[in-house]
Number of protein chains: 2
Amino acid sequence: MNILAIDTSTSLASIAVAVDDQIVAESLLNTNRTLSARIVPEIERILATAGLTIADIDLFASSIGPGSFTGVRGGVATIQGLALAFAKPCVGFSSLSLLAMNFSHATTRVCPMIDARKSELYAALFDCSSSLPSPLISDCVLPPAALLDQISATTEGAVIFVGDGAVRYHDQIAERMGNRAIFASFPLNNTHAANGIILAQHASKEGRLLEPGQLLPVYLRASDAEINHTSKKLP
Amino acid sequence: MNILAIDTSTSLASIAVAVDDQIVAESLLNTNRTLSARIVPEIERILATAGLTIADIDLFASSIGPGSFTGVRGGVATIQGLALAFAKPCVGFSSLSLLAMNFSHATTRVCPMIDARKSELYAALFDCSSSLPSPLISDCVLPPAALLDQISATTEGAVIFVGDGAVRYHDQIAERMGNRAIFASFPLNNTHAANGIILAQHASKEGRLLEPGQLLPVYLRASDAEINHTSKKLP
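Residues numbered from 1 in each chain as written. Chains lettered and ligands numbered in written order. Predicted model: local features only at pLDDT ≥ 70, side-chain atom pairs only at ≥ 80, totals over all residues. Heavy atoms only, no water.

**Remarks on the overall build of chain A**
- On a plain count of helices and strands, chain A comes out with eight helices and ten strands.
- Taking 235 residues into account, the globule formula puts the C-alpha radius of gyration at 18 Å, and chain A, at 18 Å, falls close to it.
- When the backbone C-alpha atoms are referred to their principal axes, chain A occupies close to 55 × 50 × 30 Å.
- Within chain A, the proportion of its 235 residues that are buried is 54%.
- Residue pairs in contact within chain A that sit at least 24 positions apart in sequence constitute 64% of those at least 6 positions apart.
- Looking at chain A as shown, the accessible area adds up to about 9,600 Å², and 53% of this sits on carbon and sulfur atoms.
- Side chains of chain A carry 16 positive and 21 negative charges; the gap between the two charge centres is 7 Å. (Helix = DSSP H or I, 4+ residues; strand = E, 2+ residues; numbered from the N terminus. Rg over C-alpha atoms; globule rule 2.2 N^0.38 Å. Buried < 20%, exposed > 50% of the residue type's maximum accessible area, 1.4 Å probe, protein only. Contact = heavy atoms within 4.5 Å. Areas by Shrake-Rupley, 256 points an atom, 1.4 Å probe, with all protein chains shown as cover. Lys, Arg positive; Asp, Glu negative; His and termini not counted. Charge placed at Lys NZ, Arg CZ, Asp CG, Glu CD.)

As structure tokens, then:
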């Protein structure tokens with residue numbers, strides 16, 4: 001089975017292609033403000049390096065957030081469009097699970113953090129000691145202090161903090177968690193869509209395949225546009 | 001500091017670029033029989049996606065093996081050439097260390113294995129529990145049975161087997177090691193040059209910068225050409 005997986009939830013997008021149980025190409029590229037113009041050409045390019053075209057893909061997978069609204073929307077829409085055009089199924093996975101997969105077989109708990117702006121974090125807490133991350137705190141959006149309280153109530157041991165949120169709130173995490181805080185080396189702050197292939201295979205085995213129209217973003221909070229729209233409707 | 005790191009020791013080459021402590025682009029691509037034609041254009045392409053040119057790179061890094069002789073030679077020669085042309089330093093790192101870095105903070109021992117053909121493996125054993133892998137068995141070339149004996153003499157616990165060698169000798173490893181053997185999920189069988197950036201930074205901090213002419217491949221065994229040449233010289 002040929003699988004294409006993408007993650008566009010942060011500014012460093014990631015695209016990977018697998019043929020059966022082998023990664024044949026992966027690309028991480030900065031898509032600041034250029035995602036919609038760059039994602040499809042980049043998908044076509046990396047498929048070509050592996051001697052494939054989009055028509056050869058059997059399963060399309062995308063992270064569904066949380067993360068940049070524009071990024072998640074663009075990634076999900078791209079995968080929806082490709083799956084629809086080629087009449088193939090698709091699957092979604094959490095961007096935070098994907099980030100946690102950088103720590104395969106780590107016995108220390110892993111807290112992936114994506115900067116949610118407005119002094120909040122998208123975050124979760126995972127047990128990564130087996131090949132798939134197992135959630136201890138599910139994907140949520142919280143101010144850093146409230147998140148760290150919840151982590152301390154959940155685990156007594158050390159915690160690996162990873163992602164752009166961990167970089168942004170490094171000092172606050174270090175102050176609150178002391179020597180229980182481990183900060184990932186910086187290449188691990190980026191997701192790898194190759195790990196999304198594993199999440200897609202797992203979803204496929206569990207029968208969680210979706211029609212393109214069923215693949216929906218998970219934003220965890222309302223967008224500014226929605227908030228403004230709702231507030232205008234109030235008397 | 002801008003760093004370019006590459007690994008061409010296996011058929012899936014990997015190239016990464018970091019600006020200060022941030023990965024700005026990474027590419028994994030299949031280079032079967034096309035490495036020499038594809039590596040420099042691919043380096044230029046991924047630099048361009050990050051708004052950089054080769055002249056912007058301050059430090060050039062390459063894996064120096066073990067692995068495919070042709071691959072390692074091509075990668076080292078490319079980095080030597082770029083460093084020489086732009087009068088910048090270079091550093092080398094082990095392809096097996098790089099593979100082990102897929103298991104950051106794993107408390108289980110990690111055995112990276114690259115198929116060395118001729119019924120042998122390039123392999124090592126690492127403690128990956130901190131951010132840099134620490135060798136318990138140094139890079140070596142051995143038949144699988146001898147390697148597994150040495151691993152069993154070194155550690156009593158579980159061992160994560162990773163790399164194309166672990167795929168090729170899966171059954172023999174499983175039979176010999178029983179439930180002590182853990183096999184990596186398949187995306188982890190590929191190296192990520194982004195982790196090589198960390199190895200390059202570490203080498204730089206320790207003052208292990210090289211002149212281009214000092215960056216040398218580590219093959220661990222003589223090539224067929226050398227063996228044939230030597231045997232012809234015997235009386």
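**Quick look at the packing of aromatic side chains**
All names here are of chain A.
- One pass over the full model with this rule turns up four aromatic pairs over all chains.
- The interplanar angle of 10° and the centroid separation of 4.4 Å between the aromatic rings of Phe69 and Tyr219 together place this pair among those described as stacked. Of this pair, Phe69 sits in helix H2 (residues 69–85) while Tyr219 sits in the loop between helix H7 (193–205) and helix H8 (224–233), and the two are 150 residues apart along the sequence.
- Note on Phe69: relative accessible area 16%, which makes it buried. (Phe/Tyr/Trp six-rings, centres within 6.5 Å; stacked < 30°, edge-to-face > 60°.)

**Here we look at helix H4 (residues 144–154) of chain A**
All names here are of chain A.
- For H4, the full list of buried residues reads Pro144, Leu147, Leu148 and Ile151. The arc enclosing the buried residues of H4, seen along the axis, measures out at 95°, which places them on a common side.
- Each element contacted by the buried residues of H4 is listed here: strand E6 (109–115), strand E7 (121–127), strand E8 (134–142), strand E9 (159–162) and helix H6 (170–177). (Arc of directions from axis to C-beta.)

**A look at the environment of Thr8 of chain A**
Residue and element names in this part refer to chain A.
- By the secondary structure assignment, Thr8 is in the loop between strand E1 (2–7) and strand E2 (12–19).
- Between the alpha carbons of Thr8 and Val72 there is a distance of 5.7 Å; along the sequence they are 64 residues apart.
- Discounting residues that sit within four places of it in the chain, Thr8 has contacts with Ala13, Leu35, Ile39, Ser63, Gly71, Val72 and Gly75.
- A polar atom in the side chain of Thr8 sits 2.6 Å from the backbone oxygen of Gly71. (Polar contact = N/O pair within 3.5 Å; in protein donor to acceptor, adjacent residues only side chain to side chain.)

**Some remarks on the relation of the copies chain A and chain B**
- Mapping chain A onto chain B calls for a screw motion: a turn of 180° about the axis and a shift of 0.0 Å along it, with 0.0 Å RMSD after fitting. Between the two chains, the operation in question is that of a two-fold axis. (Least-squares fit on C-alpha atoms with pLDDT ≥ 70 in both.)

**Notes on the domain arrangement of chain A**
All names here are of chain A.
- Domain annotation of chain A identifies domain 1 (2–95 + 191–233) and domain 2 (99–189).
- Facing 18 residues of domain 1, the contacting portion of domain 2 comprises 15 residues.
- When the two sides are added together, the surface that domain 1 and domain 2 hide from each other amounts to roughly 1,400 Å², 57% of it contributed by carbon and sulfur.
- Summed over the shared surface of domain 1 and domain 2, the number is one salt bridge.
- At the boundary of domain 1 and domain 2, one finds four residue pairs in polar contact (both at pLDDT 80 or more). (Domains from an automatic or database assignment. Buried area = accessible area lost by both parts, 1.4 Å probe. Salt bridge = Lys/Arg side-chain N within 4 Å of Asp/Glu carboxyl O.)

**Quick look at the sheet that holds strand E10 (residues 181–183) of chain A**
All names here are of chain A.
- Spatially, E8-E7-E6-E9-E10 is the arrangement adopted by the five strands of the open sheet, whose pairing is mixed. Edge positions in the sheet fall to E8 and E10, since each of these pairs with one other strand and no more. Adjacent strand axes in the sheet meet at a mean angle of 20°, parallel and antiparallel pairs treated alike.
- As defined by bridge partners, E7 adjoins E8 across six bridges and the pair is classed as antiparallel. When the sheet's bridge partners are listed, Leu125 is paired in E8 with Ile137. (Pairing = 2+ DSSP bridges. Axes fitted to C-alpha atoms, helices over the stretch in contact; angles between N-to-C directions.)

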